[in-house]
Amino acid sequence: MGIITIMAIRMTTPMAERVPDALVLLAWLSPGYPVGAYAYSHGLEWAVEAGDVRDEASLRDWLADVLEHGAGRSDAILAAHAHRAALAGDAEALVAVNDLALGLSPSRELHLETSQQGRSFLDATRAAWDTPRLAELGPHLDGPVAYPVAVGAASGARGLDRFTMLAAYLAAFLQNLVSASLRLAPVGQTAGTRVVAALMPLAASLAQAVQDLPLDDAGTATLRLDLGSFRHETQYTRIFRS
C-alpha cells in the first residue's frame, strides 16, 4: 500500500472512529472537562472538620469505604446499567436507571453533586462528542441527570467498553476526592499520591465485580458520610458545595 493510499484512508476515516476508548475517557473524566467536579468533596470536608480524616492513613481508610461501601460501588452499578441501556437504545430503561440514581441521593447536597455534574457532563458531551445514538437518547434525559448515568449513557451510546468505562470512572472519582483533601490540607501531595496508588487496585477490582450486578444491588452503607452531608449544609466554614 502506497503513502498516497494511506493518506486517503486517513482523510476519509472519521476522526471519532480513530480515538481509542481510553483516550475518550481520559478526556471525559479529566479535571478540565466542564462538569465542576472541583467544587464538590462528597462529604470529605465535613469528615476533615469532624476529625475523621486527619492524616494519610485515615484518608485512605475513609476513601476505601466510600469506594467499597458507598457511592463508588453504587455509582458503578448505575453506570453499568446506563451503559447497557444506551448500548441497546432502550430509552425507557435508561430513564428508570436515572430516576433510581437520583432517588438514592441521601441528602440535598449529594443530590446537587450528582445532578449538576450529570447535567453538565451530558450537555458538554452532546455539544462536542455527540453520536447518533446519544442524540436519540439525550432528549429522554431532559431534566436532572445523575452523573454516573450520564457517563454510562454516553459511553454506551458510543460503544465504549463497559469495564474500561467503570474503571476510569472510579479512578477519576478517587482522584477528585484526593484532590479535595489536598485543598482541605489534612495531607500533602506526596501522601495524596500514595493514597491514589494504594486504592487504584480496589477501583479496578470493583469495576470488574459490579459490571454485571443487578440494579437492586445499588445503594450505600456509609451512614456517617450521609449524616455528615446533612451537617455540612450548616457547617460554619466551608469551601466545597458538598
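The notes below deal with the structure included here. (Residues numbered from 1 in each chain as written. Predicted model: local features only at pLDDT ≥ 70, side-chain atom pairs only at ≥ 80, totals over all residues. Heavy atoms only, no water.)

### A few points about the packing of aromatic side chains
Part 1 of the reasoning: The final tally for this structure, using the stated rule, is five aromatic pairs.
Part 2 of the reasoning: Each ring, one from Trp28 and one from Trp129, has its centre 6.1 Å from the other, and the planes form 90°; the classification is edge-to-face. With Trp28 in helix α2 (residues 21–28) and Trp129 in the loop between α7 (108–128) and α8 (132–137), this pair connects stretches of sequence that are 101 residues apart.
Part 3 of the reasoning: Overall, the relative accessible area of 1% leaves Trp28 in the buried class.
Part 4 of the reasoning: The exposure class of Trp129 is partly exposed, given its relative accessible area of 22%. (Phe/Tyr/Trp six-rings, centres within 6.5 Å; stacked < 30°, edge-to-face > 60°. Helix = DSSP H or I, 4+ residues; strand = E, 2+ residues; numbered from the N terminus. Buried < 20%, exposed > 50% of the residue type's maximum accessible area, 1.4 Å probe, protein only.)

### Overview of unusual backbone geometry
Part 1 of the reasoning: Although it is not a glycine, His42 adopts a positive phi angle of roughly 55°.
Part 2 of the reasoning: Residue position: His42 is located in the loop between α2 and α3 (44–50).
Part 3 of the reasoning: Positive phi outside glycine occurs at Ala185, with the angle close to 70°.
Part 4 of the reasoning: Inspection of the secondary structure puts Ala185 in the loop between α10 (162–184) and α11 (189–210).

### Quick word on a negative patch on the surface
Part 1 of the reasoning: Taken together, the side chains of Asp55, Asp61, Asp65 and Glu68 make up a negatively charged region of the molecular surface.
Part 2 of the reasoning: Within the element layout of this structure, Asp55 appears in the loop between α3 and α4 (56–69).
Part 3 of the reasoning: Here Asp55 falls in the partly exposed class, since its relative accessible area comes to 31%. (Patch = residues over 30% accessible without salt bridge, like charges linked within 9 Å, V, L, I, M, F, W, Y side chains within 5 Å. Areas by Shrake-Rupley, 256 points an atom, 1.4 Å probe, with all protein chains shown as cover. Salt bridge = Lys/Arg side-chain N within 4 Å of Asp/Glu carboxyl O. Lys, Arg positive; Asp, Glu negative; His and termini not counted. Charge placed at Lys NZ, Arg CZ, Asp CG, Glu CD.)

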